[in-house]
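# Overview (structure and organization)
Listed below, chain by chain, are the residues.
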Amino acid sequence: ILYDDERQLDVFDSNLHQRYILALLAFSLDSSAWKRCGGVDELESCTTSLSNEVKTVGYAPWLSEFNECDWYGVTCVVGVVWGLDLANNSVIGEIVPEIVGLRSNLVFLDLSANCLYGVSV
């Protein structure tokens, strides 16, 4: 992740650990096949309209050069991952055990209505 990530964080960046864990999750769950915002080249499909309002919210695709707090389904508080919502997004695969590295700050996790089949160890 230090060399191939477009964001080019250095080893002393406080976000490196959470970005690494989210990248592992994306690779393990085949993010390129997700219904919304899974691939780096899906910037156009990462907008959504809020109910009947005209307002459009944009999200960054996973594994893009944007801050991981801007990735679709990731919620952060002061730059720290606080929540992850990938419900009903055609997510398939195993949850990586490294996700426990987010546990001290992660208060919301919704992976419902997907096809998850365990934790790889």
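The sections below set out a description of the structure shown in this document. If you're wondering where the values come from, they're calculated on a predicted model, not measured in any experiment.

## Remarks on the overall build of the protein chain
- Looking only at helices and strands, the protein chain has one helix and seven strands in total.
- Mapped from its N terminus to its C terminus, the protein chain presents α and β elements in the order α-β-β-β-β-β-β-β.
- For the protein chain, the residues scored as buried account for 37% of the 121 residues in total.
- Contacts in the protein chain between residues far apart in sequence, at least 24 positions, make up 53% of those at least 6 positions apart.
- When the accessible area of the protein chain is evaluated, it comes to approximately 7100 Å², of which 55% is carbon and sulfur surface.

## Section: the sheet that holds strand S6 (residues 108–110)
- Strands sit in the order S3-S4-S6 across an open sheet of three strands; the sheet is mixed. The open sheet terminates on both sides in strands that have one partner only, identified here as strand S3 (74–77) and S6. Neighbour to neighbour, the strand axes of the sheet diverge by 30° on average, direction disregarded.
- Relative to S6, strand S4 (residues 80–85) runs parallel, the two sharing three bridges. Considered in S6, the bridge of Asp85 is made with Asp110.

## Quick look at the nonpolar core
- Counting 24 residues, the largest nonpolar core has Leu22, Leu25, Trp62, Trp71, Val74, Leu84 and Leu86 as the members making the most contacts within it.
- In terms of residues, this core owes the most to one element, helix H1 (residues 16–28), which gives five residues.
- Beyond its immediate sequence surroundings of up to four residues, Val74 is in contact with Leu22, Trp62, Glu68, Cys69, Val81, Gly83 and Leu84.

## Regarding a nonpolar patch on the surface
- Taken together, Val77, Val78, Trp82, Val107 and Phe108 make up a surface patch of nonpolar side chains, about 520 Å² in accessible area.
- Tracing the chain through its elements places Trp82 in strand S4.

## Quick look at the pairing of S3
- Strand direction decides the pairing type here: S3 and S4, joined by four bridges, are antiparallel. Bridging from a neighbouring strand, Val74 pairs with Leu84 of S4.
- The hairpin formed by S3 and S4 contains two residues between the paired strands, and Val78 there has a positive phi angle of roughly 50°.

Quick notes on the rules
Residues numbered from 1 in each chain as written. Predicted model: local features only at pLDDT ≥ 70, side-chain atom pairs only at ≥ 80, totals over all residues. Heavy atoms only, no water. Helix = DSSP H or I, 4+ residues; strand = E, 2+ residues; numbered from the N terminus. Buried < 20%, exposed > 50% of the residue type's maximum accessible area, 1.4 Å probe, protein only. Contact = heavy atoms within 4.5 Å. Areas by Shrake-Rupley, 256 points an atom, 1.4 Å probe, with all protein chains shown as cover. Pairing = 2+ DSSP bridges. Axes fitted to C-alpha atoms, helices over the stretch in contact; angles between N-to-C directions. Core = buried A, V, L, I, M, F, W, Y, C linked by side-chain atoms within 4.5 Å. Patch = residues over 30% accessible without salt bridge, like charges linked within 9 Å, V, L, I, M, F, W, Y side chains within 5 Å. Salt bridge = Lys/Arg side-chain N within 4 Å of Asp/Glu carboxyl O.

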